[in-house]
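# Breakdown of the fold
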Amino acid sequence: MKNTILITGGTGYIGSHTAVELMLAGWDVVVVDNLCNSERLTMERVASICGQAPHFVQGDIRDAVLLDKVFASYPISAVMHFAGLKSVGESWQQAAHYLDNNVGGTACLVAAMERAGVRRLVFSSSATVYGQPDAVPIPESAPLRTTNPYGRSKLLCEDMLRELQTADNRWQIALLRYFNPVGAHASGLIGEKPSGVPNNLMPYITQVAAGKHPFLRVFGDDYPTVDGTGVRDYIHVVDLAKGHLAALRYLEQEGKGITVNLGTGSGVSVLQLVAAFTQATGIQIPYQIFPRRPGDVASCYAATDLAREALDWRAKLSVGAMCADAWRWENLVKNMQE
Ligand code: NAD
Ligand code: UD1
């Protein structure tokens, strides 16, 4: 059997795109997912893209017996850990559940890795660990602070993994701080499927385009930004997935861990993203200005020097490609629902 990467949360949005990139690069992949926010069908879609399906184990990363079985069954050399809950709003209502799933789940996973002697890990962190940034672009050395239980769970995981690496230098851990992942695979076969009404901007725009909502609510037009609307660092999910392969290469070659931002380094406002979507698809997005969303920051985008220098990686896909690919995927979702 080939060298295998274990992907936790691999039927989810970012995990499935990373499974594709790993398999296309020749890796064998085993996915563990409890399907709490994704579908088994995604593995068949990954197979259509790659010509071969990843191994799939339905189960929870908090199940130590199951994890031991997985490590005993496959020649796993590294783990990419995506499994987690990610809704900021939900994390206020279910703080204990978020801690248990995200922090408890990560602790259970690293304990199983330790038992199996697999100490190479790529972890999905988030720019949310920077909270309200003092300045943009945000370097990895910026102060860490969080504004909600979801963010706190990510920071607690980072702290745990930093501690582990400091205590035992056999561990090689990449903490990847994602900015705003958007878009979908160019095949239109895999993408993000928000449950209920989306909170995030891009899926809301595609749903307005699909006629599921009459207009976009633009949360605030009085920020100190180019046009008064919030500025973010949108990154194409395929670029993000490739960033994981670059991080894995870094761990293998350098034999030590890294904490790095994965973003484009460019800020795009809400209205700029709306205009880019119209340009890419020809579809007008009606919008209305609403008050600011509590907890939002004016501007958030990454300093990308470290990713370029250490990982030899940079995001390449344009905002137009992000919009076109997100729209292609929305059409597939729409057709499935009809
Ligand atoms: P997603 O919900 O699409 O994927 C997460 C997957 O993990 C799902 O398939 C879910 O079923 C699975 N899962 C959750 N808890 C599990 C458990 N206990 N055991 C087994 N499987 C479990 O989310 P995503 O957007 O692909 O995000 C992946 C990771 O990246 C998450 O950790 C998230 O916090 C982080 N992240 C996401 C974003 C974003 O905007 N999407 C931004 C920054 C960080
Ligand atoms: C949100 C989360 C953040 C998470 C990130 C990626 C909050 C407060 N923050 O961040 O923790 O890591 O998603 O999943 O929820 N906007 C609108 N109308 C909409 C939706 C959004 O105007 O219907 C605006 C927002 O005000 C913001 C921008 O679009 O200025 C981007 O919003 P969003 O996609 O939710 O991402 P973040 O705010 O970066």
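The coordinates are above.
Within the largest apolar cluster, 40 residues are counted, with the highest numbers of intra-cluster contacts made by Ile5, Ile7, Leu22, Leu176, Leu311 and Trp313. Of all the elements, helix α8 (residues 237–254) adds the most residues to this core, at nine residues. In this structure, Trp313 is in contact with Ile235, Asp239, Lys242, Gly243, Ala246, Leu262, Gly263, Ala307 and Arg308, ignoring residues within four places of it in sequence. Val30, Leu66, Tyr74 and Leu121 belong to the second largest nonpolar core, which has 27 residues in total.

Around ligand 1, 27 residues are found, and the nearest of them are Asp33, Asn37, Ser38, Lys86 and Tyr150. The side chain of Ser38 places a nitrogen or oxygen atom 2.6 Å from an oxygen atom of ligand 1. Within the contact set of ligand 1, a nitrogen atom lies 3.1 Å away from a side-chain nitrogen or oxygen of Asp60. Relative to its free-state accessible area of 830 Å², ligand 1 is covered by the protein chains to the extent of 95%. Listing elements by their share of the shell around ligand 1, those giving two or more residues are α1 (13–24), β5 (120–126) and α6 (149–167). Sorting elements by how many residues they give to the shell around ligand 1 places β5 first, with three residues.

Cut-offs applied
Residues numbered from 1 in each chain as written. Chains lettered and ligands numbered in written order. Predicted model: local features only at pLDDT ≥ 70, side-chain atom pairs only at ≥ 80, totals over all residues. Heavy atoms only, no water. Core = buried A, V, L, I, M, F, W, Y, C linked by side-chain atoms within 4.5 Å. Buried < 20%, exposed > 50% of the residue type's maximum accessible area, 1.4 Å probe, protein only. Helix = DSSP H or I, 4+ residues; strand = E, 2+ residues; numbered from the N terminus. Contact = heavy atoms within 4.5 Å. Near = heavy atom within 4 Å. Polar contact = N/O pair within 3.5 Å; in protein donor to acceptor, adjacent residues only side chain to side chain. Areas by Shrake-Rupley, 256 points an atom, 1.4 Å probe, with all protein chains shown as cover.

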